[in-house]
Amino acid sequence: MVKQTIQIFARVKPTSRKQPQGIYSIDEDEKAISALEIILPRDLADGFVNNKRESYKFKFQKIFDQESKQDSIFDIIAKPVAESVLAGYNGTIFAYGQTGSGKTFTITGGAERYSDRGIIPRTLSYIFEQLQKDSRKMYTTHISYLEIYNECGYDLLDPRHEASSLEDLPKVTILEDPDQNIHLKNLSLQQAATEEEALNLLFLGDTNRMIAEVIIALAEKHRSHIPYRNSMMTSVLRDSLGGNCMTTMIATLSLEKRNIDESISTCRFAQRVALIKNEAVLNEEIDPRLIIGRLKKEIQELKDELAIVTGEQRTQQLSQMELDNLEEQITSFLEDQDPESRLELGSDMRKIHHCFQFLKKLLSERKVPEKHETKDQEGEMPLKEEEYRKLRDILRQRDNEINILVNMLKKEKKKVQDIYSSHSMSRGGTRQSLSPTPVYGGPEDSLKPSMSSISKHTMTVATWILGLVFVAGKQERKKRCHWDARRLLKFLSVIMPIVLQSRTTNRF
C-alpha cells in the first residue's frame, strides 16, 4: 500500500499579444517545491480606499512557465504515473482550469506538429514500449473514451456512434454495486494490441468529441456558461480523489489580466486537492489453479508429518507423474549454481529412496564418458584402445630397431678402431709402402669405403633419430607412452665418438 497526497502541478498558458498580461512570479526553492505569486496592483483611480489583497501565493510540486515543452510535461508529470500503472496500481491524471486555459492542449496535444503531442498519446507510446521490453508476462490493453457534459456521459468509441443528432450519442450511466463500487453502463472497452491501434482509437475519440461539441452547441444555441465541475465527474473520480489510486492534477492557468480571478480560483482549488490523501493498493488477482496447487501441497505436507508422528510406513508405489516431478527437481537442483539451494523432498521415504537411486544412475552414466571422452591438457581427445595398441606396437618395433642399430654401430666402431690402429702402425714403417701402386693399398684408400659406410650409417641414424623423436613426442602428448631418455643418451654416447673419430681420420 502506498499512502500519499495528490500531486499538484501548474502550467501557465502563453499569453496573447493582444491581451494585457497579469503580473506574476515563480519561485523555485531548494526543496523541490515551486511557489507562484500573482500580484494585483491597487487601482486608486476611483479615489476611494481599496483594501483588496495585492498578492496571492500558491505552492505546487512544480510550475511550468509559458516556455515549457510537451516532452518535459510528460517526463515530470505523466511518466511516474505510467510507471506505477505498469507496476499494478491505479493511476489518474486530470487537468483542471477555466475554458481556454490549455487543458486540451496539455492532455491531448496539438495537431500541427508532432512535437506538440500531449500526455495521452505520449503515455500510450511509453506503455507499449515498456510492454515490448518485458516478454516474461502477457498483457492485454483496453481503451475507453468517456465525455461528460451536463450530468450525461457519452461513449466516444462506440462503433454504432453516428453523431447525426444529439439523441444519437450513446449515453453512459453510473451504477453502484452493494460494495459501493462504481460501474459505467454502456461504456465500451476497445482492445488495442499495438501502439498504432491505440492511437487510432484516440484519434477516433477526438473526432467524435469534436462532432459531439458541435451538435451540443447547435442544440443549445443560447447557452452562456459551460460548467466543468459536476456530480457525475466526481462519481467517476471517486477512487482518484481519496481512494485507491495514484493521482496527479495539472492546474492550467491563463494569466492574462482578464482571467486573473479565474486563475486564482483554480489555484485555490488545487491547494484543497493537495490535502487529499490516497491509499493506493496493488491490484492482484490470484489464479484459482495456484490456490488449488498450494492447498494440495499443504495437505501433502500434513500427511507426511502425520506419517512421521504415527510411524506409519507407506507401501503404495509412487505414480509415474510423481517420479517425473522428482527427477525434474533433482535435475534442476544439480544444475543450480547457487550453493545455498535446497532440495525439498519432505519426509516421504519413498521419495528419498528414489532420489538416491536417480542420483546413482546419473553418476554411473557420467563415469563412462569420463574414461574415454575426457580431454588431455592440450585440449585433444584421448585415444581409443585400438589406436593405443597400434602405437604401443610401433614403439616396441622402434625400440628393437634401435637395439639393432646400436649393435651395428658397435661393430662399425670396432672396424674403425682397427683401421686407425693399422694406419698408425704403417706410419711408423718404411716409406716404400707409400708407392703409387701399392699391392694392399694405402691407408687413405682403405679409409674411403669405411668413411663412406660411416656416412651412410650416420645419415641412417639421423633419420631414425628424427623418426623416433617424432613418435616419442607424439606419444608424450597423448600421455599413453613415454620415451626412455636413458636409451637415447646411450645411443648418442655410441655414435658421437664414431663421428669424431671419422673426422679425425679424414684429416689424414
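Please refer to the structure higher up on the page.
Residues numbered from 1 in each chain as written. Predicted model: local features only at pLDDT ≥ 70, side-chain atom pairs only at ≥ 80, totals over all residues. Heavy atoms only, no water.

Undergrad: What exactly am I supposed to notice about the pattern of salt bridges here?
TA: A side chain with one charge may pair with a side chain of the opposite charge, provided their charged atoms come close. Under the definition given, this model contains six salt bridges. For arginine 113, the salt bridge goes to aspartate 116, with nearest N and O atoms at 3.2 Å. A relative accessible area of 10% places aspartate 116 in the buried class. Across the pair arginine 238 and glutamate 176 runs a salt bridge whose closest N-O atoms are separated by 3.4 Å. In this pair, arginine 238 is assigned in the loop between helix H5 (231-236) and strand E14 (246-253) and glutamate 176 in strand E11 (residues 171-176), connecting sequence segments 62 residues apart. Here glutamate 176 falls in the partly exposed class, since its relative accessible area comes to 47%. (Salt bridge = Lys/Arg side-chain N within 4 Å of Asp/Glu carboxyl O. Buried < 20%, exposed > 50% of the residue type's maximum accessible area, 1.4 Å probe, protein only. Helix = DSSP H or I, 4+ residues; strand = E, 2+ residues; numbered from the N terminus.)

Undergrad: What am I meant to see in unusual backbone geometry here?
TA: Where the residue is not glycine, phi is negative for most of them; where a peptide bond is considered, it is trans in most cases. Here the phi dihedral of asparagine 186 falls at roughly 70 degrees; this positive angle occurs in a residue that is not glycine. Residue placement: asparagine 186 occurs in the loop between strand E12 (182-185) and strand E13 (190-191).

Undergrad: Explanation requested: the packing of aromatic side chains in the structure shown.
TA: Centre-to-centre distance and the angle between the planes together describe a pair of aromatic rings. Summed over all chains, the structure comprises three aromatic pairs. For the pair phenylalanine 74 and tyrosine 126, a centre-to-centre distance of 6.0 Å together with 65 degrees between the ring planes defines the contact as edge-to-face. Of this pair, phenylalanine 74 sits in helix H1 (residues 70-86) while tyrosine 126 sits in helix H3 (residues 119-133); the two residues are 52 residues apart in sequence, bridging distant segments of the chain. Each member of the pair, phenylalanine 74 together with tyrosine 126, is buried. Between the aromatic rings of tyrosine 96 and phenylalanine 269, the centroid separation amounts to 4.0 Å while the plane-to-plane angle is 20 degrees, which identifies the pairing as stacked. Taken together, the positions of tyrosine 96 in strand E7 (residues 91-96) and phenylalanine 269 in helix H6 (residues 260-273) put the pair 173 residues apart, joining distant regions of the chain. One residue, lysine 62, lies across the ring of phenylalanine 64, its end atom 5.8 Å from the ring centre. (Phe/Tyr/Trp six-rings, centres within 6.5 Å; stacked < 30°, edge-to-face > 60°. Lys NZ or Arg CZ within 6 Å of the ring centre and 35° of its normal.)

Undergrad: Can you walk me through the sheet that holds strand E5 (residues 55-60) in this structure?
TA: Sheet strands pair by backbone hydrogen bonding; their relative direction is either parallel or antiparallel. Read from one edge of the open sheet, three strands run E3-E4-E5, paired in antiparallel fashion. The open sheet has two edge strands, strand E3 (23-28) and E5, and neither has a second partner. Adjacent strand axes in the sheet meet at a mean angle of 20 degrees when their direction is disregarded. Examined bridge by bridge, E3 and strand E4 (residues 34-39) share six bridges and lie antiparallel to one another. Of the residues in E4, the one forming a bridge with aspartate 27 is alanine 35. Packed onto the sheet, H6 meets E4 and E5 and runs at close to 40 degrees relative to E5. (Pairing = 2+ DSSP bridges. Axes fitted to C-alpha atoms, helices over the stretch in contact; angles between N-to-C directions. Contact = heavy atoms within 4.5 Å.)

Undergrad: Any chance you could explain the pairing of strand E2 (residues 7-12) here in plain terms?
TA: For a regular strand, the rule is simple: side chains alternate between the two faces of the sheet. Counting buried residues in E2 gives five out of six residues, a clear majority hidden from the surface. Note that E2 and strand E6 (residues 62-64) share three bridges and pair parallel. Bridged to arginine 11 within E6 is phenylalanine 64.

Undergrad: Can you help me understand the packing of H1 against H3 in this one?
TA: For any two helices packed against each other, the geometry comes down to the angle between their axes and how far apart the axes lie. Here H1 crosses H3 at 50 degrees, and the two axes come no closer than 9 Å. Taken as axis vectors, H1 and H3 run oblique relative to one another. When the axes of H1 and H3 are compared, the crossing they make is right-handed. In this structure, H1 uses Gln70, Asp71, Ile73, Phe74, Ala78, Lys79, Ala82, Glu83 and Leu86 to contact H3, whose residues at the interface are Ile119, Arg122, Thr123, Tyr126, Ile127, Gln130 and Leu131. (Parallel < 35°, antiparallel > 145°, perpendicular 65-115°, else oblique. Left-handed = near helix turned anticlockwise from the far one by under 90°.)

Undergrad: Would you take a moment to explain helix H8 (residues 320-335) for this structure?
TA: Owing to its 3.6 residues per turn, the α-helix aligns residues three or four sequence positions apart on the same side. Between its terminal C-alpha atoms H8 stretches 23 Å, which fits the 22 Å expected from 16 residues at 1.5 Å a residue. Every buried residue of H8 is listed here: Leu323, Leu326 and Ile330. The buried residues of H8 occupy an angular sector of 60 degrees when projected down its axis, which confines them to one face. Of the residues in H8, the exposed ones pointing more than 90 degrees away from the buried face are Met321, Glu328 and Glu335. (Expected span 1.5 Å × (residues − 1). Arc of directions from axis to C-beta.)

By themselves, these are just geometric observations and shouldn't be taken as functional.
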